[in-house]
Every structure is written in structure tokens, then in C-alpha cells.
Amino acid sequence: MKHRIGKRTAVGTLSALAAAVAAQPALAQQESGASNLEEIVVTARFREENLQETPIAITAITAQEIEARSFTTTAQIGYTVPNAYFQKAQAAFGNSMVAYIRGVGQNDFNFAFEPGVSMYIDDVYHATVMGSMFDLLDLERVEVLRGPQGTLFGRNSIGGAMRLITREPRGDGTGTISATVGDFDRTEVRASYDFALTENLFARVAAASKKRDGHVDLIDFTCERPDEAGTLPSITRNRGAGCKIGTLGGEDTIGARVALRYVPSDTVTLSFTYDYSDDDSESQGDVITAIGDAPAFAAWNQLMLDTYGVQYDERFLTGSIYKNYATFRDPVTGLINEPISTVRTEGLSGSLNWDISESISAKLVLADRRYDSQFATDHDGSPLPGQEVNGHIEFEQQTAELQLSGLALNERLDWTVGLFLYQSDVVAAQMVLLPAFAGPSGILVNGLNVQENENRSLYSQLVYQLSDRTSVTLGLRYSEDDKNVDFDNTVITRRLENSDDSTDYRLGVDWSFGRDNNKMLYASVATGYRPLAYNPRPFQPSQLVPVSGEELTAYELGIKGDFADGRLRFNTAVFYSDYEQRIVPRGGVECLKDADGNIIPGDAVANPQPGGPATCSGLTSLTNYVNVPGEISGIEFEFDYRPTDALVLSGGAGYTDWSSPDIVSGNTPAFVPEWNANLALQYNFYLPGGGTLSPRIDGYFQTKICSALDQVSEGLFASRPSSCVDGYELFNLRVTYRSPMDDWSIAVGATNLTDEEHLLNVFDLTAFGQPFRQAQPGRPREWFLTFTRSF
């Protein structure tokens, strides 16, 4: 079923708004009436430099841009980044964010896997997919780096990196407070204050609280459709209230950050930061989109019919993407699972910046981050006890990074060397109720896994200026990783110890040209790797095996330039990635096996896998991970255009092409849209008396994505059509009035202006022998009103 809004396709909309194409506007300048585009300073190479003089593909989103686009989380940043996909994961993966850049990323929260896109808060690495859905609290900017990273900072990243740069304390006595109200009983308050404790000790505090009701209604099936409910017990008889028993997708978070900056001398700066967040949100708003037959569920389905007079079938399809018949309780035992997806995070970091001499500086960053998370989901979306998941995670990590950098050879050589150390401990407890596979107890998994991770890395990068226009870059990194786990899912108890290492490099050249050297041509080749993993969800001992890590070599050619007397900025890049080895899942059903991995003989069922006996004693789900190569190529562009002092046009787009043995021609790899784009138009009316009225519209476009790979007849692995969702077009509207002194503003707007029904992802459990598919709908149209006071 297609979920689209409006009468125009993405192509039609792009054509209609072609005049409005651009990139990231510099709003502070826009509101002042300046005619040229603002210079954006980034620190992607750990030194301050103009975005246009940085020879890597990077999207920089300023604090003013974040406000103008009404963004509040890291997932929304992905709308503005070419060839990127950032979204909240399905409910089964807890409070996690799926992040992909240029076709490389990670969607599974499980700690057996490493993120494909690294996340940083300032200079501190966040090691997991879980807990990476950060609030954009009191930021100076966000930088998204595309392609392998690692020869200059932090941990090696195979796909790219997102850096959240917070506002540092300056002691200037400034602050802001804003309040937002909106649809679904939305309330949001944000505040920050910067002040001096002494003449060289400065502090900044920031806090935020936000609440919003869920957009998916939980409906009591027996109340709404009693004639089809058999003897299933009812939770509510209140049909006048629509038989509603709760919601999914609701938000309830608070967070705060305290930062200190001490400057004892002109050459030394010490910084300390503590942050805390408590996300007590509901489980994601997943719904059931398809129900079919599954041989492994036949006996269980008959038991349901005998017990309740009801089978698990299409009666539990609600006909709406904003409605779910899940009850989060067992009708027999009355056991209740609360629909939650929580994460409580604490972080403490300290950094030392020391200018040892005029040409050498040192930086030391020490950090401790930890979180605990709970999540629960009623997978089958019905009052029957089909499948429920409940998880509890405790995670802590420590990182240390020492970096030396400087200038040499008459300041023609810019050099950096660094040491990065990381270690983490995780305790992951998860219970899966799946009676069809588990028998009378209903408990398929009641696991408790304890895992230890370590990384030790050395890196260096040299940038040598051959002439006033030409520079070359050479980077090198060596990494060692250990991943040890005491695995126990009640079916299998075993310790796995695994180690991996890799040497990676970056080679690049850039050439500046044009008047004032305001244009750049650059080329680079870089390698990246992701450490080995293991199968975290084995259904029998033969499936608990490690899988080798990933390796990628990326080639990039790009151009950056300012044109039209500084009114037009255009950046573009083409890339090719040789994904020599990557980890892909393989699901299905297989025969039961003994402890030695041999099929248990019998004639109860047919063997669904090739080879071996024709029949066997029984079936169980098959999970497996294998290495498959791939090739990725694409093109992307971003630009800003300010044709007049009042009009700002902005946008960008990305195209990705995949080629791999596991992807049948015409299909799409998991979580990689072929196209994504963003367009924006803002006009500033400078009113008599000095105020400014700024209407703005943003458009975000994405072609279809698929959420799974599996074995089908066309090839060993291919995207399952059932796990794909249609592309969509989203439009946001915002009208902002700023006071003559720019000390207060009021904004009114709407997200998903055209109320498009769209799905963010699909969780296709038919690949594992189950009879249903889940999907997560995006939020419908919502209005909001925001008041901000600055001082």
C-alpha cells in the first residue's frame, strides 16, 4: 500500500521548486540584511578554517539554521545532508538511531556490531547506535563528514561522522529562553545562560524539557470489533472513547549541560563538561502492515483458535498507519509490558589545550559516558501472545585521546599525530516471548550477555603546501580492537573472544583557483574498516559464530566555490567506494541441529535449506551473517544563493548507485535511498521600525528505502519488496518575527504541512519465519508556536 500526499511526485516538486534550490543559509547575516553569504568556520580537521577551504565533503549546519528548520534531534539533521539517512530505529531496537552516509551505516542496535557512522559530542566519541538520538541542545553547529574518517581524530569510521559542537563558555552574561506549544499536547522549554565566575573562569548552563503525545493509537480490539474477538478478554468497554487504551511514539525528555572553561594563561585552556539526559519516551509508533501464513506458526495458531476462537490473521490489520491493536499484555497470565523506549545518559569530560610553543600545540581529552536503557514492544500488534520483547541495557565507556599538532618547514607543513584509547562494558538483558517457537513456556530467549570492548589507535596526518594554491595530504592510522562476550540466551551459553586490527590511510591533493583563490578542486582516496562482529541472535548453537569485519576504499573528486560576487556558493562531489568486504544478514528457517551442528533426523517437516536430508525433526528460525563485497558510486551537491538582500534560496541533493551480488538489479540496498534532496526558500521583510518578518518553507525528499536483505529466488540475497517503503515528500512551514533589537522573537509553523502519510522503515519478520511485518509511520501534520527571549 502506498502512502503519499499531495498530487505532485518528487520529480514534479523538484521541477516546481527548481528556482528555490540552495544549501545551508547563514541566517544571522540574512536577518541583518548583508548581501553576501556568511563565511562558515568549521573544525572538521581540528583547526578553525573556512568550510570552503576544507578539502573534504562536509555539511555544516549552524545554530541559526537548526532553529529555522525547527530541528530538535540528530535524526532530523539527515534531511539536510546529501546521501544520508538518519531516522529513529524500529521499536525492537530500543532508543536508537539508524545512520547511513553514502550507503554505509548500521541499523541494528546490538553491541555485536559497531556503528558505520561515528557520533561525537564535541571531541568525545559515542560508541553505540543506541543512545545516539541526541537532542540538539545549545549547539554552535553540527558538522557531518562524508566518507571514511580516522587519520585525524577519534575512532576510525568507515562511513562518515557527525560532530555536535556545543557553545563554549565565554563569560559574557548572555542567555536565551524559549517555549514551544503545539499539536499532540506538545510542550517544550529550552534555556541557556553564560556567565563569568572569575576573570578567567567562565561557565555556561543549558537545559531543555519536551513532551509530546504519541501519534499512533493503541486500540482495544475486543472493544472495537467484538464480533471478531472470540473469547479474548477486553481491556476497556469504553467504545465512546474510541476504545483507546494508550499511544505509541510519545516523547518525554529532559536534559541539561554544565560547562566550565578556565584560561589560566594565554597558552593554556582547561574545559570541563557534565551532561545528563533522561528520555522517558514511549515505544516507537510501530504498526502491522501485513499478516500472512507461516508454517512454523501453524501449531500455535491452532492453539489460539482452540483457546480463544481466534486465529492470528488479517483481522488484526487496522487499516490505518496510526493505529495498533497491541495490548502489551498476555491474555492468559495478565503479564503487562509497559510500552517504553527509555535511555538515561550521563557524560563527564575534560580537555586540556596547551600551546607548547608558537608552532606546536597539544590537546588531551578524557571522557566517561554511560547510559541505561529499557525498551519493550508488542511485535505482533494484536491481543494474542504472538511475540513480545523486553530489554534492559547498561553501558559505560571511557575514552582518552592525546593529540599533538604543529607547523614546520616555514609553516608549509601542517602535521598532526594522535593516540586514541577506548574501552567499554555492556550488560544486555533481553527477553523474547515467542510461543510458536518456544513451546509451552513461551520464552524463546531470556538472555544476559556481558561484553567488553577495547580499541587502541595511533594516527597521523600531514598537509604540505606545495605552493600558494596546491596542497597534498597524507594520513595514516593503525587500529587494534578486542571484542569479548560472555554470551547467554538460555539456549546457548558460551564465551567468544575476538580480536581485529587494521591499517588505514588517506591521500589527497587540493588546488585553489579563481579570483582570491575562492574556488577549490580536490581529490582523495581513503580507506576505512569496521571491526569484526558475531551473530547476536542465534536460535541454536550452530548459529553462534563470528563474522569478519568490513573494509572499504573510497575515492572522491570535489569542487567548492563562491560565485556571483559572493552571493552564490556551490559545492559538489562525485565518489566511488569499493566495499571490499561488508557484513550482511541472512535470515530464514532451518532444521533443528544437535550440539555438534548436525541436523536432528526425523520426518516431521521438510528441510527448507538446500543440501542435507529431505526431512528433519523440526524447524527453528535461521539467523546468520556473511561477508559480501559491493560497489557504491554517486554524486552530491549543496548550494546557497542570495540573489537579493532579502531572498535566500538553499538546498542540496544526493544520488547513490549500488552494485553487489546480494542486490538484484532494480532493487535497493537496506536503508539507502537512491535519491535524497532538500530545498528551502526564505524571504525577509524588513519592517518599518526595524523588525523582521521571515516566512520560510523547507522541502525534504527521499526515494524508496528497504529495511532488510534476504534470500529470494532472484539471487542469494536481495532486497525483499515487502520490506521496502515508498519515497515521500515533506514540507515544513515557519514564519518568524524578530524584534527591532533582536532580543525576542515569535514563530508559528507546521511540520509535514501537507499531512503526508509516510513510513520511515519496515521491520520484515517474515524473513525469520514469522507471519507479519511492522512499519514505523512518520508523524502527521503538526502546528507549533515558539516564543524566544534573548538577553
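Residues numbered from 1 in each chain as written. Predicted model: local features only at pLDDT ≥ 70, side-chain atom pairs only at ≥ 80, totals over all residues. Heavy atoms only, no water.

Student: Quick one: what's the story with the state of the cysteines, residue by residue and with numbers?
Tutor: Scanning the entire structure with this criterion turns up three disulfides. A disulfide bridge connects Cys223 with Cys243, and the sulfur atoms are separated by 2.1 Å. In this structure, the disulfide formed by Cys223 and Cys243 twists by about -65° around the S-S bond and is classed as left-handed. With Cys223 in helix H5 (residues 221-224) and Cys243 in the loop between H5 and strand E15 (244-248), the pair connects residues that are 20 residues apart, well separated along the chain. For the pair shown, Cys223 and Cys243 are each scored as buried. In this model, Cys706 is linked to Cys724 through a disulfide, with the two sulfur atoms separated by 1.8 Å. Disulfide Cys706-Cys724: torsion about the S-S bond near 90°, hence right-handed. Placement of Cys706 in strand E39 (residues 705-706) and of Cys724 in strand E42 (residues 724-725) is noted, with a sequence separation of 18 residues between them. When its relative accessible area of 0% is taken as the criterion, Cys706 is described as buried. Along the protein chain, the cysteines engaged in disulfide bonds are linked according to the scheme 1-2, 3-4, 5-6 when indexed in sequence order. (Disulfide = S-S within 2.5 Å. Helix = DSSP H or I, 4+ residues; strand = E, 2+ residues; numbered from the N terminus. Buried < 20%, exposed > 50% of the residue type's maximum accessible area, 1.4 Å probe, protein only.)

Student: For helix H6 (residues 298-308), give the residues involved together with the corresponding values.
Tutor: Among the residues making up H6, those that are buried are Trp300, Asn301, Met304 and Tyr308. Around the axis of H6, the buried residues are gathered within 100° of arc, so they sit on the same side. Exposed and oriented more than 90 degrees from the buried face of H6 are Ala299 and Asp306. A positive phi of about 70° marks Gly309, the residue just after H6. (Arc of directions from axis to C-beta.)

Student: Which residues make up the sheet that holds strand E14 (residues 216-219), and what are the values?
Tutor: The three strands lie next to each other as E15-E14-E19, forming an open sheet whose pairing is mixed. Each having just a single partner strand, E15 and strand E19 (323-324) make up the two edges of the open sheet. Pairing geometry for E14 and E19, over two bridges, is parallel. Looking at E19, one finds that Asp217 is bridged to Lys323. (Pairing = 2+ DSSP bridges.)

Student: How would you explain the side chain of Thr342 if you had to name every residue and give the values?
Tutor: The residue Thr342 is located in strand E20 (residues 341-355) in this model. Excluding its chain neighbours within four sequence positions, the residues that come into contact with Thr342 are Asn95, Asp279, Asp280, Ser281, Asp372, Ser373 and Gln374. (Contact = heavy atoms within 4.5 Å.)

Student: Please set out the side chain of Ser660 residue by residue, giving values where relevant.
Tutor: Note that Ser660 resides in the loop between strand E35 (647-659) and strand E36 (675-683). The class of Ser660 is buried, set by a relative accessible area of 12%. In terms of polar contacts, Ser660 uses its side chain to reach the side chain of Arg582, at 3.0 Å. A polar side-chain atom of Ser660 sits 2.7 Å from the main-chain carbonyl oxygen of Pro629. The contacts of Ser660, once residues within four sequence positions are left out, are Arg582, Val628, Pro629 and Gly630. (Polar contact = N/O pair within 3.5 Å; in protein donor to acceptor, adjacent residues only side chain to side chain.)

Student: I'd like a rundown of the pairing of strand E30 (residues 550-563), residues and numbers included.
Tutor: Taken residue by residue, a regular strand's side chains alternate between the two faces of the sheet. Across twelve bridges, strand E27 (residues 519-530) lies against E30 in antiparallel orientation. When the bridges of E30 are listed, Arg530 appears paired with Glu550. The pairing of E30 with strand E31 (residues 568-591) spans twelve bridges and is antiparallel. Across the sheet, the residue bridging to Gly558 is Ala573, located in E31. Here E30 hands over to E31 after four residues, with Ala564 in that stretch at a positive phi of 50°.

Student: Requested: an account of the layout of surface pockets, with residues and values cited.
Tutor: Here the second largest pocket defines a volume of roughly 690 Å³. Along the walls of the second largest pocket sit 35 residues, with Gln52, Glu53, Ser512, Asn517 and Met520 positioned nearest its centre. Among the secondary structure elements, those contributing two or more residues to the lining of the second largest pocket are strand E2 (49-50), strand E24 (443-465), strand E25 (470-488), strand E26 (493-513), E27 and E30. In terms of residue count, E24 provides more of the lining of the second largest pocket than any other element does, three residues in total. Taken together, the residues that form the lining of the second largest pocket break down as seven nonpolar, ten polar and 18 charged. (1 Å grid on protein atoms, 1.4 Å probe; cavity = no way out; pocket = protein on both sides within 12 Å on 5 of 7 lines; lining within 4 Å. Points joined across faces, edges and corners; volume = space filled by probe spheres on them. Nonpolar A, V, L, I, M, F, W, Y, C, P; charged D, E, K, R; others polar.)

Student: Describe in detail empty space enclosed by the protein, supporting the description with residues and values.
Tutor: Taken as a whole and judged by the stated rule, the model has 18 cavities of 30 Å³ or more. Considered as a void within the structure, the second largest cavity measures approximately 170 Å³ in volume. In terms of lining residues, the second largest cavity is bounded by 19 residues, among which Arg45, Ile56, Gln461, Thr473 and Arg506 are the most central. Looking at the lining of the second largest cavity, the elements that each hand over two or more residues are E26 and E27. A breakdown of the residues in the lining of the second largest cavity according to their chemical character gives nine nonpolar, seven polar and three charged.

Student: Report on the packing of aromatic side chains, specifying residues and quantitative values.
Tutor: Inspection of the entire model under this criterion finds 34 aromatic pairs. Their ring planes at 80° and their centres at 5.5 Å tell us that Phe297 and Trp300 sit as a pair that is edge-to-face. Of the two residues examined, Phe297 and Trp300, each falls in the buried class. Ring plane angle 55° and centroid distance 5.5 Å describe the contact between Tyr737 and Trp744, whose orientation is recorded as tilted. Clustering of aromatic rings is evident, with ring pairs tying together Phe93, Phe109, Phe111, Tyr371, Phe375, Phe395 and Phe763. Cation over ring: Arg163 sits above Phe153, and NZ or CZ is 5.8 Å from the ring centre. (Phe/Tyr/Trp six-rings, centres within 6.5 Å; stacked < 30°, edge-to-face > 60°. Lys NZ or Arg CZ within 6 Å of the ring centre and 35° of its normal.)

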